[in-house]
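Structural overview
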Amino acid sequence: MRKQNIFIAALLMISVAIFAFTNIKLGGITGKITPASGVAAVALVAGTDTLKADLNQGSFTFINLKEGVYKVWIKGSAPYKDATIENVAVKDSSTTDLGEIKLQQ
């Protein structure tokens with residue numbers, strides 16, 4: 001009887017652990033910068049953490065982001081100015097599309 005109780009308790013703990021990790025859902029941020037030749041880099045800032053994105057003809061995507069509020073920082077190439085988009089919200093398992101971002105000269 002004691003072995004059966006230990007087995008049931010262990011099975012219950014394993015089940016809880018498996019379901020606990022399935023509830024973590026990650027989101028993302030995407031956008032397109034125009035003109036594509038005017039951007040040098042794109043970074044995502046959250047507190048003291050910074051994450052850079054690869055650029056593909058001005059398009060960028062950040063993936064695997066936890067739910068929260070982020071700042072997108074765009075480094076412009078001369079003669080274009082840097083740009084910052086603040087308070088970009090990411091919700092569980094959804095991608096926030098910033099659309100077209102036009103850099104100013």
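Placed above this text is the structure.
So, here's what we can say about the structure. Numbers given for residues are sequential positions, taken from 1 along each chain in its written order. Where totals are concerned, whole chains, interfaces and linings use all residues; where local detail is concerned, this predicted model gives features only for residues with pLDDT of at least 70, and gives and counts side-chain atom pairs only at 80 or more. The side-chain figures draw on all heavy atoms in the structure; neither hydrogens nor water molecules are used.

1. Thoughts on the sheet that holds strand β2 (residues 39-46)
Whether two strands pair comes down to DSSP finding at least two bridges between them. Per the convention used, a helix needs a DSSP run of H or I reaching at least four residues, while a strand needs a run of E reaching at least two, with both numbered from the N terminus. Spatially, the four strands line up as an open sheet ordered β3-β2-β5-β6, and their pairing is antiparallel. The sheet terminates laterally at β3 (49-53) and β6 (83-90), the two strands that pair on one side only. Each adjacent strand pair in this sheet contributes to an overall mean axis angle of 25 degrees, direction not counted. Of the pairings in the sheet, the one linking β2 to strand β5 (residues 68-76) comprises six bridges and is antiparallel in character. Pairing of Ala43 across the sheet is with Trp73, part of β5. Axes, fitted as lines to C-alpha atoms, cover a helix only where it is in contact. Angles between the N-to-C directions of the axes lie from 0 to 180 degrees.

2. Quick notes on the pairing of strand β1 (residues 27-34)
Relative to strand β4 (residues 59-65), β1 is paired through five bridges, and the arrangement is antiparallel. By the bridge assignment, Lys32 is partnered in β4 with Ser59. In this structure, β1 lies alongside strand β7 (residues 95-102), joined through six bridges in parallel fashion. The residue bridging Gly28 from the neighbouring strand is Thr95, located in β7.

3. Digging into unusual backbone geometry
The linkage connecting Thr34 with the following residue, Pro35, adopts the cis geometry, with an omega of -10 degrees. Here Pro35 is to be found in the loop between β1 and β2. Within the chain, Asn64 stands out as a residue other than glycine whose phi angle is a positive 60 degrees. For Asn64, the location among the structural elements is in strand β4. We classify Asn64 as exposed; its relative accessible area is 55%. Buried means the residue's accessible area, taken with a 1.4 Å probe over protein chains only, is under 20% of the maximum for its type, while exposed means over 50%, and partly exposed covers the values in between.

4. Considerations on the environment of Ala36
Relative to the helices and strands, Ala36 is located in the loop between β1 and β2. When its relative accessible area of 37% is taken as the criterion, Ala36 is described as partly exposed. Considering only alpha carbons, one finds Ala36 and Lys102, 66 residues apart in sequence, at a separation of 9.4 Å. We call two residues contacting when some pair of their heavy atoms lies within 4.5 Å. The contact partners of Ala36, leaving out residues within four places of it in the chain, are Gln57 and Gly58.

5. Thoughts on the sheet that holds β7
On the basis of which strands lie adjacent, the open sheet formed by three strands has the order β4-β1-β7 and mixed pairing. The open sheet terminates on both sides in strands that have one partner only, identified here as β4 and β7. In this sheet, adjacent strand axes meet at a mean angle of 10 degrees when their direction is disregarded.

6. Here's the deal with the environment of Glu86
Take Glu86: it is sitting in strand β6. Leaving out residues up to four positions away in the same chain, Glu86 has contacts with Tyr70 and Lys71.

7. What to know about the pairing of β3
Across a regular strand the side chains alternate sides, sitting on one face of the sheet and then on the other. Direction of pairing for β2 relative to β3: antiparallel, over a ladder of five bridges. Residue pairing in the sheet places Val45 in a bridge with Thr50 of β3.

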